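Residue-level structural notes
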Amino acid sequence: MNKRNVKDFLDRQYRLKRLALASILIAITLICSIYLNVYIVVFKFSVANAVLHIAGYILGPIYGFAIAIITNTLAFFINSNGAAFHWGFTITAGLQGLIAGLMMLLNKKKVDWKVILATNVITTILCSIILRSYFLAELLGKSIYVLMKPRILNSAIMGILYIIIEILLITALKPIENKLPSESKFITFSFGKKDKSK
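Residues numbered from 1 in each chain as written. Predicted model: local features only at pLDDT ≥ 70, side-chain atom pairs only at ≥ 80, totals over all residues. Heavy atoms only, no water.

With that settled, the discussion passes to the overall build of the protein chain. A tally of helices and strands in the protein chain yields six helices and two strands. Reading the secondary structure of the protein chain in the N-to-C direction produces α-β-β-α-α-α-α-α. By residue count, 42% of the 198 residues in the protein chain fall in the buried class. Across the protein chain, every contact between residues at least 6 apart in sequence was considered, and the portion connecting residues at least 24 apart equals 69%. Summed over all atoms, the accessible surface of the protein chain reaches about 11600 Å², with 69% contributed by carbon and sulfur. (Helix = DSSP H or I, 4+ residues; strand = E, 2+ residues; numbered from the N terminus. Buried < 20%, exposed > 50% of the residue type's maximum accessible area, 1.4 Å probe, protein only. Contact = heavy atoms within 4.5 Å. Areas by Shrake-Rupley, 256 points an atom, 1.4 Å probe, with all protein chains shown as cover.)

This is the structure we're talking about:
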């Protein structure tokens, strides 16, 4: 086997590992979105959004977007609870994975508290407050401003919880980061400590 064949073989193995990890993340997100919804007073909290962000952090924006789109579509057809399908909510879910991946790339392919904070601030404002309110207004025939007001506090509280959960998840993944088929081999999960490998 010459060097080119070895490189092609390793590239195929790497792509297969990424697809396998994407499939696992789809399954985990799907389970979370259907079965792991927590209701706190009038607020609905789903761990699925945090997993979507993790997918973007590890596999990058394209995979993050695709995983979110697939998961959202499957979750709707498996357990829609009588709700009407709206493409806008699916695209909004895709944006969450996309934004997480982009924030990771903009931070030189490192995932730290700044990436997690930026991701959740952007997705909370853009996806949770603005876009979901807009598409709900379309479905219900109500004013977007009427629907947006109660969502602001809800989304802010959920955003804080997502930040905490994602920091805990990324910290838990730290021991196996070198085994993950991530967007970059040099991606690091660090929280305040300098990377000594460089």
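Back to the text.
On the surface, W113, L117, V121, I122, I125, L126 and I130 cluster together into a nonpolar patch covering about 560 Å² of accessible area. Note on placement: W113 falls in helix α5 (residues 113-140). Residue W113 is classed as partly exposed on the basis of its relative accessible area, which comes to 44%. (Patch = residues over 30% accessible without salt bridge, like charges linked within 9 Å, V, L, I, M, F, W, Y side chains within 5 Å. Salt bridge = Lys/Arg side-chain N within 4 Å of Asp/Glu carboxyl O.)

Ranked by size, the top nonpolar core spans 28 residues in total, and within it L25, Y57, I58, L59, I67 and I170 carry the most contacts. Listing elements by their share of this core, those giving two or more residues are α1 (3-35), α2 (48-59), α3 (61-78), α4 (87-106), α5 and α6 (144-173). Per element, the largest residue contribution to this core is eight residues, and it comes from α2. Residues within four places of L25 in sequence aside, it is in contact with V51, A55, L59 and I67. (Core = buried A, V, L, I, M, F, W, Y, C linked by side-chain atoms within 4.5 Å.)

Turning next to the packing of α2 against α4. Running from N to C, α2 and α4 cross one another at 40°; their axes reach a closest spacing of 7 Å. Between α2 and α4, the angle is such that the two are oblique. Both α2 and α4 take part in a crossing whose hand is right-handed. Contacts between α2 and α4 involve N49, L52, H53, G56 and Y57 on the former and, on the latter, A93, Q96, G97, A100, G101 and M104. Class assignment for the residues of the contact of α2 with α4 results in five nonpolar, six polar and no charged. (Axes fitted to C-alpha atoms, helices over the stretch in contact; angles between N-to-C directions. Parallel < 35°, antiparallel > 145°, perpendicular 65-115°, else oblique. Left-handed = near helix turned anticlockwise from the far one by under 90°. Nonpolar A, V, L, I, M, F, W, Y, C, P; charged D, E, K, R; others polar.)

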